[in-house]
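One letter stands for each residue in the lines below.
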Amino acid sequence: NNTLILYINNTEIMRKNITIENVPIINFLFPTKVSAAVLTIFRVNVSSIRNITSYKWDFGDNTTENTQVPFVSHGYRNISNYNLTIEATDSAGFKTSKTFTINVVSPKENVNSILISYNARISNISSKLNYPAWVEIKKRIDADSLKDELNALQRRYNAASSENDYVIIMTNLSGMSIPFD
């Protein structure tokens, strides 16, 4: 609790008691570049001193969804930029919202950059998992199998000839879970 006092020319104009509350803070959303015609899992990161009890997702394409978890699946039909607004509500009823621009591109345009990014992430984590204490983590991540799957998708990408081929490859990439670090 604080008191706000407004002065103009050293004369008090207004005095008001205010309460400052800790509200949730939306830090980031991933991904913000997605492929048209591909179901994408969006994940939001929210900081809060309390539990987040609900998320409201407005995808900017006349569709909304409410979840109790910080992720949701959505597919955009058309290539364009969309404003995705997320509202998070905590257990005390405090709400916050943030809008992100989602760049929806053709699957063909997106596949190669995703393959490059995923391969870089695999290389990054593989180089860091050589410590004996991390054997169990290495088993769970199974970087070798992920690398094999990425190589197979790279071969399919090199042989692709239709938009549907790229949609299928992008769908497979979207289903992969590759740690950043």
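Because the structure is a prediction, the values reported are computed rather than measured. (Residues numbered from 1 in each chain as written. Predicted model: local features only at pLDDT ≥ 70, side-chain atom pairs only at ≥ 80, totals over all residues. Heavy atoms only, no water.)

Draft legend 1. Expanded view of the overall build of the chain. Tallying secondary structure elements over the chain gives four helices and 10 strands in all. For the chain, the C-alpha radius of gyration of 22 Å lies well beyond 16 Å, the compact-globule estimate for 181 residues. The C-alpha extent of the chain, read off along each of the three principal axes, is 75 × 45 × 35 Å. The buried share of the chain, taken over its 181 residues, is 31%. Counting contacts in the chain only where the partners sit at least 6 residues apart, residues at least 24 apart contribute 56% of the total. One finds the centroid of the 18 positive side-chain charges in the chain at a distance of 3 Å from the centroid of its 16 negative side-chain charges. (Helix = DSSP H or I, 4+ residues; strand = E, 2+ residues; numbered from the N terminus. Rg over C-alpha atoms; globule rule 2.2 N^0.38 Å. Buried < 20%, exposed > 50% of the residue type's maximum accessible area, 1.4 Å probe, protein only. Contact = heavy atoms within 4.5 Å. Lys, Arg positive; Asp, Glu negative; His and termini not counted. Charge placed at Lys NZ, Arg CZ, Asp CG, Glu CD.)

Draft legend 2. Up close: the sheet that holds strand β6 (residues 52–58). The mixed open sheet is built from five strands, whose spatial order is β4-β10-β9-β6-β7. The strands lining the two open edges of the sheet, one partner per strand, are β4 (33–35) and β7 (64–67). For this sheet, the mean angle separating the axes of adjacent strands, direction not counted, is 25°. Bridge analysis of β4 against strand β10 (residues 95–105) gives three bridges, and the strand direction is parallel. By the bridge assignment, Val34 is partnered in β10 with Val104. The sheet contacts of helix α1 (residues 107–128) involve β4 and β10, and relative to β4 the element is tilted by about 125°. (Pairing = 2+ DSSP bridges. Axes fitted to C-alpha atoms, helices over the stretch in contact; angles between N-to-C directions.)

Draft legend 3. Structural detail: unusual backbone geometry. The linkage connecting Phe30 with the following residue, Pro31, adopts the cis geometry, with an omega of -5°. In this structure, Asn9 is a non-glycine residue whose phi angle is positive, near 50°.

Draft legend 4. Highlighting the pattern of salt bridges. This model, assessed by the stated rule, comprises three salt bridges. Note that Arg15 is salt-bridged to Glu12, the shortest N-O span being 2.9 Å. Arg15 sits in the exposed class, given a relative accessible area of 51%. With relative accessibility at 36%, the residue Glu12 sits in the partly exposed group. Where Lys95 meets Glu87, a salt bridge forms, and the shortest distance between an N and an O atom there is 4.0 Å. Lys95 gets classed as exposed once you look at its relative accessible area, which sits at 52%. On the accessibility criterion, Glu87 (26% relative accessible area) is partly exposed. (Salt bridge = Lys/Arg side-chain N within 4 Å of Asp/Glu carboxyl O.)

Draft legend 5. Structural view of a nonpolar patch on the surface. The grouping of Leu4, Leu6, Ile8, Ile13, Met14, Ile18 and Ile20 at the surface amounts to a nonpolar patch, some 620 Å² of accessible area in total. Going through the elements one at a time, β1 (2–8) and β2 (11–18) are the ones with two or more residues in the nonpolar patch. Inspection of the secondary structure puts Ile20 in the loop between β2 and β3 (25–30). Residue classification places Ile20 among the exposed positions, given a relative accessible area of 62%. (Patch = residues over 30% accessible without salt bridge, like charges linked within 9 Å, V, L, I, M, F, W, Y side chains within 5 Å. Areas by Shrake-Rupley, 256 points an atom, 1.4 Å probe, with all protein chains shown as cover.)

Draft legend 6. Layout of the sheet that holds β3. Spatial strand order, β3-β5-β8: three strands in an open sheet with antiparallel pairing. Each having just a single partner strand, β3 and β8 (71–74) make up the two edges of the open sheet. The average undirected angle you get between the axes of adjacent strands in this sheet is 25°. Where β3 and strand β5 (residues 40–47) come together, five bridges link them in antiparallel fashion. Counterpart to Leu29 in the pairing with β5 is Val44.

Draft legend 7. Broad picture of the side chain of Asp90. With respect to the helices and strands, Asp90 occurs in strand β9 (residues 80–90). Since its relative accessible area comes to 2%, Asp90 is described here as buried. Here Ala92 takes part through its backbone nitrogen, which lies 2.9 Å from a polar atom of the side chain of Asp90. Discounting residues that sit within four places of it in the chain, Asp90 has contacts with Asn22, Pro24, Ser48, Arg50, Asn51, Ile52 and Thr53. (Polar contact = N/O pair within 3.5 Å; in protein donor to acceptor, adjacent residues only side chain to side chain.)

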